[in-house]
Amino acid sequence: QVQLLESGGGLVQAGGSLRLSCVASGRTFSGYSMAWFRQAPGKEREFLAAMSRMGGITDYSDSVKGRFTISRDNAKNTVYLQMNSLKPEDTAVYYCAGRDRIIPTRIPADFGSWGQGTQVTVSS
């Protein structure tokens, strides 16, 4: 499986923006569909956004559609999550995940590669 490392988390005020990055190593990144999930304390892991291997297909949860944008640069082995108009309820640990299939899904168990997570805290 590909190894993943997230960065870009931090503390931001409500209404602000952050861009998360996830760098892949160990396998051919372009062979993986990618997704972002998050998990808040006491809650289940939540799907946010996903992108197919070549970027032609994207999928967003209703909770972030219009505010978050997933993108990828296969030449840099990196997937991004641009987060705008952040809200306190967006506070969570954010994870990127990889799946060695053309099409991503919304189901965490379908992804075989996970990063260690990066904390995002949105203050009111």
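Coordinates for the structure precede this section.
Figured I'd write up the structure that's included with this text. (Residues numbered from 1 in each chain as written. Predicted model: local features only at pLDDT ≥ 70, side-chain atom pairs only at ≥ 80, totals over all residues. Heavy atoms only, no water.)

## So, the packing of aromatic side chains
Test applied: Only Phe, Tyr and Trp rings are paired, with Trp represented by its six-membered ring, and only when their centres lie within 6.5 Å; those with planes under 30 degrees apart are stacked, over 60 edge-to-face, the remainder tilted. Helix numbering and strand numbering both begin at the N terminus, where a helix is a DSSP run of H or I of at least 4 residues and a strand a DSSP run of E of at least 2. Exposure categories follow from relative accessible area, calculated using a 1.4 Å probe and restricted to protein chains: below 20% of the type maximum is buried, above 50% is exposed, and the middle band is partly exposed. Working rule: Lys NZ or Arg CZ, within 6 Å of ring centre, within 35 degrees of ring normal, means a charge sits over the ring.
Considering all chains together, one arrives at five aromatic pairs under this definition. Ring centres 5.8 Å apart and planes at 75° place the aromatic pair F37 and F47 in the edge-to-face group. Within this pair, whereas F37 is found in strand 4 (residues 33–39), its partner F47 is found in strand 5 (residues 46–51), the two being separated by ten residues in sequence. We classify F47 as buried; its relative accessible area is 8%. Geometrically, the ring pair formed by Y95 and W114 is edge-to-face, given 6.4 Å between the ring centres and 80° between the ring planes. With a gap of 19 residues between them, Y95 in strand 9 (residues 92–99) and W114 in strand 10 (residues 113–114) connect regions that are remote in the sequence. Through a chain of ring-to-ring contacts, the aromatic side chains of F37, F47, Y95, F111 and W114 assemble into a single cluster. Positioned above the aromatic ring of F29 is the side chain of R72, whose terminal nitrogen or guanidinium carbon lies 4.4 Å from the ring centre.

## A short note on the state of the cysteines
Test applied: Cysteine sulfur atoms that come within 2.5 Å of each other are treated as a disulfide pair.
Here the structure, examined in full by the defined rule, presents one disulfide. Two residues share a disulfide in this structure: C22 and C96, whose sulfurs sit 1.9 Å from each other. Of note, the bridge from C22 to C96 carries an S-S torsion of about 50° and is right-handed in sense. Highlighted residues: C22 in strand 3 (residues 18–25) and C96 in strand 9, separated in sequence by 74 residues. Accessibility classification places C22 together with C96 in one group, the buried group.

## What about the pattern of salt bridges?
Definition in use: For salt bridges, the criterion is a side-chain nitrogen of Lys or Arg within 4 Å of an Asp or Glu carboxyl oxygen.
Applying the stated criterion to the full structure yields six salt bridges. For D59, the salt bridge goes to R106, with nearest N and O atoms at 2.7 Å. Taken together, the residues D59 in strand 6 (residues 58–60) and R106 in the loop between strand 9 and strand 10 connect sequence positions 47 residues apart. Since its relative accessible area comes to 43%, R106 is described here as partly exposed. In this structure, D62 and K65 form a salt bridge, with 3.7 Å as the shortest nitrogen-oxygen distance. Both residues of the pair, D62 and K65, count as exposed. Several salt bridges converge on common partners, so that one network encompasses R38, E46, R67 and D90.

Taken by themselves, the reported measurements are silent on function.
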